[in-house]
There are 2 protein chains.
Amino acid sequence: MNKVRRVERIVALTKILVDMPGRLFSLGYFSELFGAAKSTLSEDMAAIKAAMQQFGLGTLETVAGAAGGVRFVPVRAERAVNCLLQDLAARLAEPERIIPGGFLYMTDILFNPALMVQVGEIFRRQLGRLEPDYIMTVETKGIPPALMTARAFDLPLVIVRQGSKVTEGPAVSINYVTGSSKRIQTMSLPRRAIQAGAKVLVIDDFMKAGGTARGMNDLAREVGVEVVGTGVLVATAEPAEKLVQDYFALLILHSVDQYAKTIDIRPAL
Amino acid sequence: MNKVRRVERIVALTKILVDMPGRLFSLGYFSELFGAAKSTLSEDMAAIKAAMQQFGLGTLETVAGAAGGVRFVPVRAERAVNCLLQDLAARLAEPERIIPGGFLYMTDILFNPALMVQVGEIFRRQLGRLEPDYIMTVETKGIPPALMTARAFDLPLVIVRQGSKVTEGPAVSINYVTGSSKRIQTMSLPRRAIQAGAKVLVIDDFMKAGGTARGMNDLAREVGVEVVGTGVLVATAEPAEKLVQDYFALLILHSVDQYAKTIDIRPAL
């Protein structure tokens, strides 16, 4: 193809890299796409990286060697992270979110894609060092934050189902006791969903006593995979002792007073 | 802040616009962020738009007037759409996906974020003219394609639940009959999830007889919203008569032969 002007190449490079966070692209791929020398592309990458860092939009990571290349890592500036968490806390503290029983209506926030993209990138930023092979969650409301975390890592998401579904083939099931209401539930994972020996990061929307997260830990052990960490969007301050250790929460829910109509929720970072 | 060099500004502009497809950004916002004149930014936008169109990566749309600005529209080139659908069809035709009973295991594809981002953009491309206010789906496997479609439109996603959940407040429920197995099920939508009078686009992973999609239509009518269209990732060729009219499918499943271990699935576009 014809030679491409530098600015057009840089726009297309930025778009392609940003579109698939964590995905490694070889310089050879771009060299063919743009008809440009690898040295030219390396200069382009340096300019893209500098611009992203200047504006706190993430960074580029270069992997050397034959299987190497470049990838976009969506690590937002601390200022942007704090801003988002303050904004989420303010929205979740709106009194009309209180549902009889002292529950908090969070569904609109959880199913807002633009917010969950950012939440996923924060989990990537804070938990990336755990180097998981899969992200895992349980249906239903954990799916959006977990899917967007999987996107930020460029990893597959594994869904634990409530009960057992005939359309997913042979599955491993466990019973678990919900931490707060002490009910016995079943959760299951299709055999083919995950490779034994893999490392998984559990992401969920809400943690009270931690019974569900504990259930996912037990189920993971049953299928021969290791849970390397647990991230939740909101954890309650009470009970302070959860059924899982070492979880990471973005927001802490201190209290919901359904009579005074007040909610105390604050960023944990 | 200091003046920003053109190439850095263009990288940051591209990243910010691409990150939130469909979101309208005012030139004033960028003018402040970069310390650049609006005329300069208009030139930058023209360069970004030209580069994106050249590589079939989408386009920029300018909205004139005081409330105007610019937004990224993720309309991929036809070639890229065909490529993705061919790839999905090939993966879904792998014989080991057949589950006793003639079901097709699709969960790994559905929960692959990079694939679903692209599926969402195809639904945006093909159904954008319907101008919905919300995307709607039913838990569980419809969530990833629907969430990524909502992302491509910059719209909220509304989740219809199986049964009725106490943590979501007052809800409207209906009973519906699944089209293929003729079982009676309940689905519900929290009252506060959607504004009456809104236009919704239903997105789901799979349609056989269309009973679930029909149920969502009935539920939508019950809460006073209008279904302007239905998009599914996979529809079966049989029955040819579905319980909803005017649905749009990306792939057509012609047959699953569990004894011969063959699957016939093809792009519908």
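Structure shown above.
Numbering of residues starts from 1 in every chain and runs along the sequence as written. For this description, chains carry letters from A and ligands carry numbers from 1, given in the order in which they are written. Only residues with pLDDT of at least 70 are given local features in this predicted model, and only at 80 or more are side-chain atom pairs given and counted; all residues enter the totals for whole chains, interfaces and linings. Where side-chain values are given, they derive from all heavy atoms of the structure, hydrogens and water being excluded.

## Describing the overall build of chain A
Stated formally: Elements are defined by DSSP. Helices are runs of H or I of four residues or more, strands are runs of E of two residues or more, and each kind is numbered from the N terminus. Any residue under 20% of the maximum accessible area for its type is buried, any over 50% is exposed, and the rest in between are partly exposed; the area is computed with a 1.4 Å probe on protein chains only. By definition, residues are in contact when any of their heavy atoms lie within 4.5 Å. Method for areas: the Shrake-Rupley scheme with a 1.4 Å probe, in which residue coverage is limited to the protein chains shown. Counted as positive: Lys and Arg. Counted as negative: Asp and Glu. His and the chain ends are not counted at all. In plain terms, the charge of a residue is placed at NZ if it is Lys, CZ if Arg, CG if Asp and CD if Glu.
Looking only at helices and strands, one finds eight helices and twelve strands in chain A. Referenced to the eigenvectors of the C-alpha coordinate spread, the extents of chain A come out at roughly 65 × 45 × 30 Å. Considering chain A as a whole, with its 269 residues, one finds that 57% of them fall into the buried category. Considering only contacts within chain A whose residues lie at least 6 apart along the sequence, 62% involve residues at least 24 apart. Accessible area for chain A stands at about 11300 Å²; split by element, carbon and sulfur atoms hold 49% of it. One finds the centroid of the 31 positive side-chain charges in chain A at a distance of 3 Å from the centroid of its 27 negative side-chain charges.

## A closer look at the interface of chain B and chain A
Definition in use: By buried area we mean how much accessible surface two parts lose on assembly, using a 1.4 Å probe and totalling the loss over both. Any carboxyl oxygen of Asp or Glu within 4 Å of a side-chain nitrogen of Lys or Arg constitutes a salt bridge here. Counting of polar contacts relies on pairs of N or O atoms within 3.5 Å, with two restrictions inside protein: one atom must be capable of donating a hydrogen and the other of accepting it, and residues adjacent in sequence are counted only when both atoms are side-chain atoms. All amino acids are sorted into three groups, where Ala, Val, Leu, Ile, Met, Phe, Trp, Tyr, Cys and Pro are nonpolar, Asp, Glu, Lys and Arg are charged, and the leftover types, Gly among them, are polar.
In this assembly, 60 residues from chain B lie in contact with 60 residues from chain A. Across the chain B/chain A interface, buried area totals approximately 5100 Å², and carbon plus sulfur atoms make up 70% of it. When the buried surface of chain B facing chain A is broken down by residue, B:Lys15, B:Phe55 and B:Phe111 rank first, second and third, together holding 12% of it. For the pair chain B and chain A, the interface holds four salt bridges. A:Arg76 is the partner of B:Asp19 in a salt bridge, and the nearest nitrogen-oxygen pair spans 3.2 Å. The interface formed by chain B and chain A holds ten residue pairs in polar contact (both at pLDDT 80 or more) in total. Take the side of chain B that touches chain A: its biggest share by element is eleven residues, from helix H1 (residues 6-19) of chain B. Of the residues in the side of chain B that touches chain A, the class split is 38 nonpolar, seven polar and 15 charged.

## Observations regarding the relation of the copies chain B and chain A
For clarity, the threshold we go by: Each copy is superposed on the other by least squares, with the fit set by C-alpha atoms of residues at a pLDDT of at least 70 in both.
It takes a turn of 180° to lay chain B on chain A, together with a shift of 0.0 Å along the axis; the resulting RMSD is 0.0 Å. The transformation just described matches what one would write down for a two-fold rotation axis. Of the residues that chain B buries at the interface, 100% are likewise interface residues in chain A, meaning the two copies contact each other through the same surface.

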